[in-house]
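Secondary and tertiary structure notes
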Amino acid sequence: MLRPEQMSRVSVTGSKRVMDEVIETIHDLRLFDMTDYDGEWDGFQPGDPVEGADDASEKLVTVRSLESLLGIEGDDFEGDPLRLDDADLDDRLATIRTEVNSLDDRQDELESELREVEESLNSVEPFVELGIDLDLLQGYDTLTVVVGQGDRDEVRRTLVEADGVDQYQIFGDGETLAAFVTPADAAVSDALVSAEFTQLEIPETDADPEGYVADLREQKTAIEAELEDIEGDLADLADEHAEFLLAAEERLTIDVQKREAPLSFATTRNAFVAEGWLPSEQYLDLAERLKDRVGDHVDVEELEQAEYDEDGHAEESHTDEEVAADGGHAEQPMSDGTPPVVQDNPGPVKPFESLVAVLNKPKYSELDPTIVFFLTFPVFFGFMIGDLGYGLIYMGIGYLMMRSLDSDILRALGAVGLLSGFFTAVFGVLYGEFFGLHQLGYAIYPSGSAPMHKGLQPYYQEYALAWMLLSVVVGVLHLVTGRVLDFVNNLKHGVGEAFMESGSWILFTVSLWVWILSHTALSAKPDFLFTSFAQAGQTNPVTGGTIEAGEVVYSLGFNGFPAIDVFSVAGFAIDAVLLVVVASLALVVKAEGGIGLVESVTQGFGHVISYARIAAVLLAKAGMALAVNLLVFGAYLEGGEFHLIFFSDHAPAAENVVFSGLVNVEGGLAMVLGLLAGILVLVLGHMLVLVLGVTSAGLQAVRLEYVEFFGKFYEGGGRNYTPFGQERRYTAEE
């Protein structure tokens, strides 16, 4: 799981007489990720495509163009796979192309006409408001007529103040105005610009505006009707030919792949060499199938099993003997390409590969973090939300995405949502919460108290501090796991270098936090570090007093690591753990240089503290759900806990009531309005919490994975495994 599948570089060498059969076999197997020949071998040239490749490519372009014009997608295929012979494909494709192109050309013409009509309408409609026949607005020798839209008073002021204007008359009572000005002078239009006057072009027609607009609207209606008919005809063609076109596209895609395959080969006049990658465990499948198909006319050899080193190749390649009828090729790869990556994760982990791929696919030489992502992200998310009601909804949404969406990425996200929702529901049971209501805990736990609390209730506020400490501890473990993976990645450079690059960070991070949780420098440390998981009766190292039961969240007996004094300097005791911190810091600085001193603070301390966001989001989301329920059901404070009035079996004392609640209003119309308002706030409030659960808990959990965790060991940049071949969905084997 942490390593991708091991890949083998394989050479297929044979006579050109059997090349077509070899291509057919390799294509059908869909195992061989072919390497493009780079032209470096003496005596070998890149192969030529098989005759008919250009014709097949042109037809494929035509089919895809027709599918685009008709809006055909893969879901439109509902029948059994088709068998298409060349004559049927050519004849039917020509007929469909003629029909579709004719309709498409007419559609383009009509759309162009429609744009012209709409432009004319937009230009003429203001003249209807003006109410002056169009022939009266043009054709004058001694007048300047300007029509536009603007403020009448501003236009008047501009014409009064303009030089060279003898007389003018303004018509129009609305936004559209017509100014008749003497003498005729083009400068009038320029003067009106300062009046924020938008000039309109006068249509060159003698028709009255209303009649002209009516004619244009009739033309528009007629064009739109014809366009609808054409769209209907195109839809009918799509229904009639969808399955054929999808099958034709698949058939032609396969045909083009096979005919253009020799472009990746190294060839001589009589022989060819194909090279590529496939999973090592499937090498024999390829070799046996080719031997069965063409016998001794082809030689299949596993040149190397790629090691998980930096460049992905074995240090000593097991090269083949000189082959090919008229000479062998050099003992070197066909190109400098590295092995493709096939992530080796079990089914439930597969969806998380999509989240890892958001950054980049892992390199062949580095560890795949998907399994760690799978084990931690849903737990982080579930812990932060921790509610049975929300969890069930997340699971339902995730399940629907998996079942109903076509995109592989969206289906993978649905699977992630399903698992995250499951852990949200599990933690919800442990917290005893259902949409923020604690009635679940009262119902399923005999004591009425759930085994876990979020820490919002005054009586359980110590839990909030405990979760803060737990978040930090989880951060240390998570980051150390990343450093361990980095240590393994660096082992290829030797144990010593791996220790300097990664082991020093592991030692520094662990020792730093052991020292922080130890009985040293206690004046700077808060009590809860030593009381949350202690036992009642133990000594509080900060105060020197006895730890009370109310300070303990879970009795694990941990009240800090004891100080181990090695020696004293000027009266100050030097702790053994502090010495380890200093020594490991020196190693970090030696490995990283001066920047290591800064990174020791940002990564060894700051990145761990960043995990406190887990507890922060937990409290924030719980607080929002509590606020919604408090507004709707009302609440009172009793015994250090908030109780909802709506579910209470007794009337609370007035001085204990925090809020009376919308649904608890009494008296006629007020009760009805309160109930309606309560339902609205309840639904919208919890929908908001549900959405923010994804945008806050989800994004914060992803951030911890991508930034804090991945940043310790992961680079990415692996190449996808793209085996030569095509999965058949619409066509039957020929």
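This one's a predicted model, so the numbers in the text were calculated from it and none came from an experiment. (Residues numbered from 1 in each chain as written. Predicted model: local features only at pLDDT ≥ 70, side-chain atom pairs only at ≥ 80, totals over all residues. Heavy atoms only, no water.)

The next subject is unusual backbone geometry. The omega angle of the peptide bond from Thr182 to Pro183 is -5 degrees, so this bond is cis rather than trans. With respect to the element layout, Pro183 can be found in the loop between β6 (176–182) and α5 (187–192). Even without glycine at this site, Ala521 takes up a positive phi of about 50 degrees. Position of Ala521 among the secondary structure elements: in the loop between α14 (495–516) and α15 (528–531). (Helix = DSSP H or I, 4+ residues; strand = E, 2+ residues; numbered from the N terminus.)

Glancing now at the sheet that holds strand β4 (residues 144–149). A sheet is described by the order of its strands in space; here four strands give the open sequence β5-β6-β4-β7, paired in antiparallel fashion. If you trace the sheet from one side to the other, it starts and ends with β5 (167–171) and β7 (198–200), each paired once. For this sheet the average axis-to-axis angle between neighbouring strands, irrespective of direction, equals 35 degrees. Of the pairings in the sheet, the one linking β4 to β6 comprises six bridges and is antiparallel in character. Within β6, the position partnered with Gly148 by the bridge is Leu177. Contacting β4, β5, β6 and β7, helix α3 (residues 86–130) crosses the sheet at an angle of about 80 degrees to β6. Where helix α4 (residues 152–161) meets the sheet, it contacts β5 and β6, and its direction lies at approximately 170 degrees from that of β5. (Pairing = 2+ DSSP bridges. Axes fitted to C-alpha atoms, helices over the stretch in contact; angles between N-to-C directions. Contact = heavy atoms within 4.5 Å.)

This chain's UniProt record puts "transmembrane region" (unreviewed entry) on residues 371–397, 409–431, 464–485, 505–522, 566–589, 610–637 and 669–694. For residues 464–485, helix accounts for 100% and strand for 0%, while the C-alpha atoms at its two ends are 32 Å apart. Secondary structure within residues 505–522 divides into 67% helix and 0% strand; the distance between the first and last C-alpha atoms comes to 25 Å. (UniProt positions renumbered as here; feature names shortened; annotations may be inferred.)

On to a nonpolar patch on the surface. On the surface, a cluster of nonpolar side chains totalling about 560 Å² of accessible area is made up of Leu675, Ile679, Leu680, Val683, Leu684 and Met687. Within the secondary structure, Leu680 sits in helix α19 (residues 668–709). (Patch = residues over 30% accessible without salt bridge, like charges linked within 9 Å, V, L, I, M, F, W, Y side chains within 5 Å. Areas by Shrake-Rupley, 256 points an atom, 1.4 Å probe, with all protein chains shown as cover. Salt bridge = Lys/Arg side-chain N within 4 Å of Asp/Glu carboxyl O.)

Looking now at the packing of aromatic side chains. Geometry of an aromatic ring pair is reported as the spacing of the ring centres plus the angle between the planes. In total, this model carries 39 aromatic pairs according to the counting rule given. Pairing Phe434 with Phe435 gives two aromatic rings, centres 4.8 Å apart and planes at 80 degrees, and the pair type is edge-to-face. Note on Phe434: relative accessible area 32%, which makes it partly exposed. What makes Phe435 partly exposed here is its relative accessible area of 22%. Each residue in the set Phe352, Phe373, Phe374, Phe377, Phe381, Tyr394, Tyr706, Phe709, Phe710, Phe713 and Tyr714 is aromatic and connected to the rest through ring pairs, giving one cluster. A cation sits over an aromatic face here: Lys454 above Tyr431, 5.2 Å from the ring centre. (Phe/Tyr/Trp six-rings, centres within 6.5 Å; stacked < 30°, edge-to-face > 60°. Buried < 20%, exposed > 50% of the residue type's maximum accessible area, 1.4 Å probe, protein only. Lys NZ or Arg CZ within 6 Å of the ring centre and 35° of its normal.)

This part takes up the pattern of salt bridges. Considering all chains together, one arrives at 20 salt bridges under this definition. A salt bridge links Lys258 to Glu24; the nearest nitrogen and oxygen atoms lie 2.7 Å apart. Of this pair, Lys258 sits in helix α6 (residues 209–260) while Glu24 sits in helix α1 (residues 19–29), and the two are 234 residues apart along the sequence. Classification of Glu24 by relative accessible area gives partly exposed; the value is 28%.

Of note, Phe530 is situated in helix α15. Of the residues examined, Phe530 reaches a relative accessible area of 0% and is grouped as buried. On a C-alpha basis, the gap between Phe530 and Val691 in space is 36 Å, while along the polypeptide they are 161 residues apart. Setting aside anything within four residues of it in sequence, one finds Phe530 in contact with Ile516, Leu517, Ser518, His519, Leu522, Lys525, Pro541, Val542, Ile547, Phe558, Asn559 and Gly560.

On to the nonpolar core. One finds Phe373, Phe383 and Trp467 to be the most contacted residues of the largest nonpolar core, which totals 64 residues. For this core, the element with the highest residue contribution is helix α9 (residues 370–385), accounting for 10 residues. Ignoring anything within four residues of it in the chain, the contact list for Phe383 reads Phe427, Tyr431, Met452, Trp467, Leu470, Ile614 and Leu618. In this structure, Leu103, Leu114, Ala238 and Leu245 belong to the second largest nonpolar core, which totals 35 residues. (Core = buried A, V, L, I, M, F, W, Y, C linked by side-chain atoms within 4.5 Å.)

The sites that UniProt annotates as "coiled-coil region" (unreviewed entry) are residues 93–120 and 213–240. Annotation note: span residues 93–120, helix share 100%, strand share 0%, distance between end C-alpha atoms 40 Å. A helix fraction of 100% and a strand fraction of 0% characterise residues 213–240, whose end C-alpha atoms lie 40 Å from each other.

By secondary structure assignment, the location of Lys454 is in the loop between α12 (439–444) and α13 (462–490). Assessed through its relative accessible area of 6%, Lys454 is described here as buried. Side-chain polar atoms of Lys454 contact the backbone oxygen of Ile385, separated by 2.8 Å. Here Glu433 takes part through its side chain, which lies 3.1 Å from a polar atom of the side chain of Lys454. Discounting chain neighbours no more than four positions away, the residues touching Lys454 are Ile385, Gly386, Tyr431, Glu433, Tyr463, Ala464, Trp467, Leu618, Leu619 and Ala622. (Polar contact = N/O pair within 3.5 Å; in protein donor to acceptor, adjacent residues only side chain to side chain.)

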